[in-house]
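Chain and residue survey
Residues per chain, in single letters:
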Amino acid sequence: MSAPRDASARHEAIALHDVTVRYGAQVVLDRVSLELPTGTTTALTGPNGVGKTTTVRVLLGLVRPSSGRVSGLDTCTRAAAFQEDRLCEHLSAAANVRLVLPRSAGSAVEDGLRAVGLDEAAWHVRVRALSGGQRRRVALVRALLPPADLVVLDEPFVGIDAASRDAVLAWTRERLAGRTALVVTHDPAEVAALGATLVRLDAPRTVRDQDVA
Ligand SMILES: Nc1ncnc2c1ncn2[C@@H]1O[C@H](COP(=O)(O)OP(=O)(O)OP(=O)(O)O)[C@@H](O)[C@H]1O
């Protein structure tokens, strides 16, 4: 299965417009505007707790903004790797990836697992028995193989050992070519390896109880 380079042509521009998200009294995102240029990779960075994962959740429709809007999502298909993997624990690595692909995918599953350096011996093991780094690789393959218009990856390379990280980054860049993607990362080397445009999320300007509606 080759990289879906033409996928970007099928969706409208994706952007957050003045998005505010509150959890109770806490303002996590305060009028954040962020455009994801179509067909390119954006790297989102910023200090712990600033709201990067919340931004991911907004893009995936898992969190509804308190105010503001998100454009471009109605017409696009999405794939994601979450910080906590979210794999089907009782399925094998190969079966987890096969879940998101058509039967016609052929050897794509095996090719993908091989590309991220997952040992063949691990392909048919239930993922609950795999190590953290092995599980991360499975989650990454599951996010990158489907021809989704928007790919969102939340700290996807955490736990992947240094020896194979370059190869995993190179394959990720290949899979994202021509697509719209957001990758949350704290590592400038990853931003460079992915050829991504860096966007930094700053702390909310105001976190005050009286701001809460
Ligand atoms: N479901 C929730 N309920 C209440 N507060 C939450 C919830 N999810 C996140 N938060 C809070 O929102 C803030 C932003 O969290 P978020 O996970 O978006 O930050 P982050 O920038 O991704 O952090 P990190 O770099 O540590 O992953 C944090 O203060 C967190 O405690």
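Residues numbered from 1 in each chain as written. Predicted model: local features only at pLDDT ≥ 70, side-chain atom pairs only at ≥ 80, totals over all residues. Heavy atoms only, no water.

The chain appears in an unreviewed UniProt entry as Sulfate transporter from Cellulomonas persica.

Looking at the ligand, there are 15 residues lining it, with Asn48, Gly49, Lys52, Thr53 and Thr54 nearest. Glutamine 26 is positioned with one of its side-chain polar atoms (N or O) 3.0 Å from an oxygen atom of the ligand. Residue threonine 54 places a side-chain N or O atom 2.6 Å away from an oxygen atom belonging to the ligand. For the shell around the ligand, the secondary structure elements donating two or more residues are strand E2 (26-36) and helix H1 (52-59). With 4 residues, the single largest contributor to the shell around the ligand is H1. Along the lines of polarity and charge, the residues of the shell around the ligand split into 4 nonpolar, 8 polar and 3 charged. (Near = heavy atom within 4 Å. Polar contact = N/O pair within 3.5 Å; in protein donor to acceptor, adjacent residues only side chain to side chain. Helix = DSSP H or I, 4+ residues; strand = E, 2+ residues; numbered from the N terminus. Nonpolar A, V, L, I, M, F, W, Y, C, P; charged D, E, K, R; others polar.)

Here we come to unusual backbone geometry. One non-glycine residue with positive phi stands out, namely aspartate 18, at about 50°. Here aspartate 18 shows up in strand E1 (residues 14-23). Among the residues examined, aspartate 18 registers a relative accessible area of 45% and is labelled partly exposed. Despite not being glycine, aspartate 85 shows a phi value in the positive range, around 70°. Within the secondary structure layout, aspartate 85 lies in the loop between strand E5 (78-81) and helix H2 (93-98). A relative accessible area of 8% means that aspartate 85 is categorised as buried. (Buried < 20%, exposed > 50% of the residue type's maximum accessible area, 1.4 Å probe, protein only.)

Judged by pairing direction, the sheet is parallel, and its 5 strands sit side by side in the order E5-E6-E7-E3-E8 without closing on themselves. At either end of the open sheet lies a strand with only one pairing partner, and these are E5 and strand E8 (197-200). Strand-to-strand twist across the sheet, computed as the mean angle between neighbouring axes with direction ignored, equals 20°. Bridge count for strand E6 (residues 150-154) against strand E7 (residues 180-184) is 5 bridges, and the pairing is parallel. If you follow aspartate 154 over to E7, its bridge partner there is valine 184. (Pairing = 2+ DSSP bridges. Axes fitted to C-alpha atoms, helices over the stretch in contact; angles between N-to-C directions.)

Moving on: the pattern of salt bridges. Two side chains bearing opposite charge may form a pair once their charged atoms approach each other closely. Evaluation of the coordinates by the stated rule reveals 11 salt bridges. The closest approach of N and O atoms between arginine 200 and aspartate 202, which form a salt bridge, is 3.6 Å. As far as the burial class goes, arginine 200 and aspartate 202 line up, both exposed. Salt bridges sharing common partners tie together Asp85, Glu89, Arg135 and Arg136. (Salt bridge = Lys/Arg side-chain N within 4 Å of Asp/Glu carboxyl O.)

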